[in-house]
Each structure stands twice: as structure tokens, then as C-alpha cells.
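# Chain and residue survey
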Amino acid sequence: MNLRFLSLASGSSGNCYYLGNSRYGILIDAGIGIRSIKKTLKENNIPLESIIGLFITHDHADHIKAAGCLGEKYHIPVYSTEKIHVGMNRSYCMTEKIVSSKHVIEKEKPLKLQDFVITSFEVPHDGIDNIGYLIEYNNQKFAFATDLGYIPEHVANYLRQADYLVIEANYDEEMLRHGSYPYHLKYRIANKNGHMNNAETADFLAHNITSQLKYIFLCHLSKENNHPDLAYKTIEHRLTQEGIRIGEDVQLITLKRNHPTGIYVF
Ligand SMILES: [Zn+2]
Ligand SMILES: [Zn+2]
């Protein structure tokens, strides 16, 4: 069975991704309303009952909004670290607390769920605890690295294994510097426990791209401090400098903030 990927929403106002096959799948984060999740899954012929797990990256509102509802009302097991579970259940933005659907995972310990093997790894960010995921399915590897200030070597080790990579390109440095955000917010975004900017992501990719990597999905773009074309062009330019042909050696896709992508079948 082919691997299927769908981005339901990506950006600081909400993140949710689907990864599955024709029979079942998982969600990564649930930072949009339950109605949007149900509507988008339905439009793509994915029954909510076919979701066998929800995996949370960290306890920020734009990643957890519908997690309590999916877990407790729709009985989808919610997986994350103990700390992230504590953070989620303290959060004001989740109306239902996660109790019976709570499943604790440990970083770097692979979890097998049907034909998926899911491994989480720590990333530097300012949630109570923060993780990315490497998901293996029939010798294909899909990596998620969203909301991270930089990429330490242990994270790079996971990302270099990927055939498909969802990686943050949150802001453009100039746009953030000259933008309207107050100083403390600019600092929070740009520091080592904040977010990756376009140039940092471009640099990481230029140094770490492998011949195995087929798709790069740029995620979590800021509305105020980035533009999809700018993110795309910054990364395209940098990779072209390295002799990598976009569209031939690797596909580069900018994920939309408020619009689902439609299903990619790999
Ligand atoms: Zn976020
Ligand atoms: Zn965050």
C-alpha cells in the first residue's frame, strides 16, 4: 500500500498533518478546529475512524487545539511525552482534557503501530517539552521537524534519513527585523529555542541533503514575517548553488497556512 500525506493546515495559526495508507493513518498535531479536521479528512475520503493515533509535537496552542476532542470524544489514542501531556492538560485552549486517550511515548524509543514505526526526538523550542518525529513505513521514511530554533546534530541524524521531509521555514530575517512585532516577540522567535528562518533552513538543507531525499515540504510559515514565494525562492536559490536541481533531484513544496494540500501519494 502506498504512503499518503496530506497537510490540513500549517502555520502559526494551526498545524495538522496526516500520514497513512489506503486503510489507516495517523495525525501529527491537531492545532485547528475539530470541524476543519473532520471536513478536510472527509473531502479526502479519509474516515475519522481510520485514524489510529494522534502524535503531538509540543503543547503550544497551534498544535493541540483539537487534541482533547479527538482523544476523548472520538477515542483516538493521543501519543506524546509525559511532559507534553502535562502541558496540554494545563492549556487553556483545549476544552477537553486528555484522560482515557493518553498514551506516553519516550524520546528515541521506536513505537510500532500497525505498519508504521514512529520515533520521536527532542528539538530545541520553548514548549514544556518539544519533539520531532521520524516515521518509517515499508522502507520509506518521513520526518517532521516543526517549531525548532536550530538543528542540533542528533536532530540532523534523524532528518538525514528521510525520503520525505517536513521542515520549518518560519520567518524571513529581514521581515521579522523590520516588522511590527514587539521586541520580546521578535527575540522569542529568533532565539535558539524559537523558530527556523528561511536562510537557516536553506543552509541546513544545503549541507545535509541526501540523494535519498525526494520531497521537501516547508512548513509553519509565519503570516506576518514570511511569504510563501520568499521562503521557496530562498531555499531554491541556496540549493541551486549546491548544484541541486529543484523539480528534478528533489521536489520543493511550500505548505499553505490555511488550505489543505490535497493528498500526495508516494
Ligand atoms: Zn507552532
Ligand atoms: Zn511552538
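What this report covers is the structure whose coordinates are included nearby. (Residues numbered from 1 in each chain as written. Chains lettered and ligands numbered in written order. Predicted model: local features only at pLDDT ≥ 70, side-chain atom pairs only at ≥ 80, totals over all residues. Heavy atoms only, no water.)

## Points about the sheet that holds strand β6 (residues 102–104)
Our working definition: A pair of strands counts as paired when DSSP detects no fewer than two bridges linking them. Helix numbers and strand numbers start at the N terminus; a helix is a DSSP run of H or I with at least 4 residues, a strand a run of E with at least 2.
Reading across from one edge, β6-β5-β4-β3-β2-β1-β14 is the order of the seven strands in this open sheet, with mixed pairing throughout. Every other strand in the sheet has two partners, leaving β6 and β14 (264–265) as the edge strands with one partner each. One ladder, built from five bridges, connects strand β1 (residues 4–9) with strand β2 (residues 16–20); its direction is antiparallel. What sits directly across from R4, in β2, is G20.

## Concerning the packing of aromatic side chains
Basically, it comes down to this: Aromatic pairs are defined between Phe, Tyr and Trp rings, using the six-membered ring for Trp, whenever the two ring centres lie within 6.5 Å; interplanar angles under 30 degrees are classed as stacked, those over 60 as edge-to-face, and all others as tilted.
Evaluation of the coordinates by the stated rule reveals 23 aromatic pairs. Note on F121 and Y158: the rings are 4.6 Å apart at their centroids and 10° apart in plane angle, and the pair reads as stacked. Here F121 is found in strand β8 (residues 116–122), whereas its partner Y158 is found in helix α5 (residues 153–159), with 37 residues between them in sequence. Through a chain of ring-to-ring contacts, the aromatic side chains of F5, Y17, F142, F144, Y164, Y215, F217, Y264 and F266 assemble into a single cluster.

## Details of the sheet that holds strand β7 (residues 111–113)
Basically, it comes down to this: Helix axes use the C-alpha atoms of the stretch in contact, all axes being lines fitted to C-alpha atoms, and the angles between their N-to-C directions lie in the range 0 to 180 degrees. For this analysis, residues touch if any pair of their heavy atoms sits within 4.5 Å.
Read from one edge of the open sheet, seven strands run β7-β8-β9-β10-β11-β12-β13, paired in mixed fashion. The open sheet has two edge strands, β7 and β13 (251–254), and neither has a second partner. Neighbour to neighbour, the strand axes of the sheet diverge by 20° on average, direction disregarded. Pairing of strand β12 (residues 215–219) with β13 involves four bridges; the strand directions are parallel. By the bridge assignment, F217 is partnered in β13 with I253. Of the strands in this sheet, β12 and β13 touch helix α9 (residues 228–241), which is tilted by about 160° from β13.

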